[in-house]
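Structural overview for review
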Amino acid sequence: DLVNDVSGGLLDSAMFSTVAELQVPIVIMHYRGDPKTMQSLANYPPGDEGVVSAVMGELEQRVAAALRAGVPRWNVIVDPGVGFAKTPQQSLACLR
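Summary of the structure given here. Everything quoted here is computed from the prediction, not taken from an experiment.

Cut-offs and rules
- Residues numbered from 1 in each chain as written.
- Predicted model: local features only at pLDDT ≥ 70, side-chain atom pairs only at ≥ 80, totals over all residues.
- Heavy atoms only, no water.
- Helix = DSSP H or I, 4+ residues; strand = E, 2+ residues; numbered from the N terminus.
- Rg over C-alpha atoms; globule rule 2.2 N^0.38 Å.
- Buried < 20%, exposed > 50% of the residue type's maximum accessible area, 1.4 Å probe, protein only.
- Areas by Shrake-Rupley, 256 points an atom, 1.4 Å probe, with all protein chains shown as cover.
- Lys, Arg positive; Asp, Glu negative; His and termini not counted.
- Charge placed at Lys NZ, Arg CZ, Asp CG, Glu CD.
- Salt bridge = Lys/Arg side-chain N within 4 Å of Asp/Glu carboxyl O.
- Pairing = 2+ DSSP bridges.
- Axes fitted to C-alpha atoms, helices over the stretch in contact; angles between N-to-C directions.
- Contact = heavy atoms within 4.5 Å.

1. What to know about the overall build of the chain
When helices and strands are tallied, the chain shows 3 helices and 3 strands. What you see in the chain, going N to C, is helices and strands ordered as β-α-β-α-β-α. The C-alpha radius of gyration of the chain comes to 13 Å, within 12% of the 12 Å expected for a compact globule of 96 residues. Its C-alpha atoms put the chain at 40 × 25 × 20 Å along the principal axes. When each of the 96 residues of the chain is scored for burial, the buried share is 40%. For the chain, the computed accessible surface area is about 5700 Å², with 57% contributed by carbon and sulfur atoms. Charged side chains in the chain number 7 positive and 10 negative. The centres of these two groups are separated by 4 Å.

Below you can see the structure in the form of structure tokens.
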């Protein structure tokens with residue numbers, strides 16, 4: 001069993017506590033806005049380093065929230081969110 005949360009816990013305030021209670025791994029994906037607005041939120045500092053640094057920082061915040069809710073670190077998988085609030089070039093930078 002595994003929870004794949006494409007919102008990184010942002011759309012359901014009980015997500016992380018529920019996952020902690022269920023004791024299952026969770027994929028925390030980088031996510032900005034909502035399905036209607038996310039593509040307009042692909043604004044990051046310039047260059048590949050800018051997008052990678054910003055995505056890493058935002059994912060670190062979501063991981064910290066999961067850990068505070070009781071999700072063990074070994075049950076956390078991060079996903080850079082290819083195509084979610086990123087241009088194709090920004091997504092590729094995150095994968096490199």
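2. Remarks on unusual backbone geometry
In this structure, Q23 is a non-glycine residue whose phi angle is positive, near 55°. Note on placement: Q23 falls in the loop between α1 (15-22) and β2 (26-29). Phi angles above zero are rare outside glycine, and A85 is one such case at about 60°. Within the secondary structure, A85 sits in the loop between β3 (76-79) and α3 (88-95).

3. Considerations on the pattern of salt bridges
Across all of its chains, the model carries 1 salt bridge by this definition. With a closest N to O distance of 2.5 Å, E58 and R32 form a salt bridge. Residue E58 is found in helix α2 (residues 47-68), and its partner R32 is found in the loop between β2 and α2; the two are separated by 26 residues along the sequence. R32 sits in the buried class, given a relative accessible area of 17%.

4. A look at the sheet that holds strand β1 (residues 3-5)
As summarised here, the arrangement of the 3 strands in space is β1-β2-β3, forming an open sheet in which the pairing is parallel. Two strands in the sheet have a free side with no partner beyond their single neighbour: β1 and β3. Neighbour-to-neighbour, the strand axes of this sheet turn through a mean angle of 20°, independent of strand direction. The sheet contact formed by β2 and β3 spans 4 bridges and is parallel. If you follow M29 over to β3, its bridge partner there is D79. Across the sheet, α1 touches β1 and β2, and the angle it forms with β2 is around 160°.

Remember, this is a structural readout, not a statement about activity or role.
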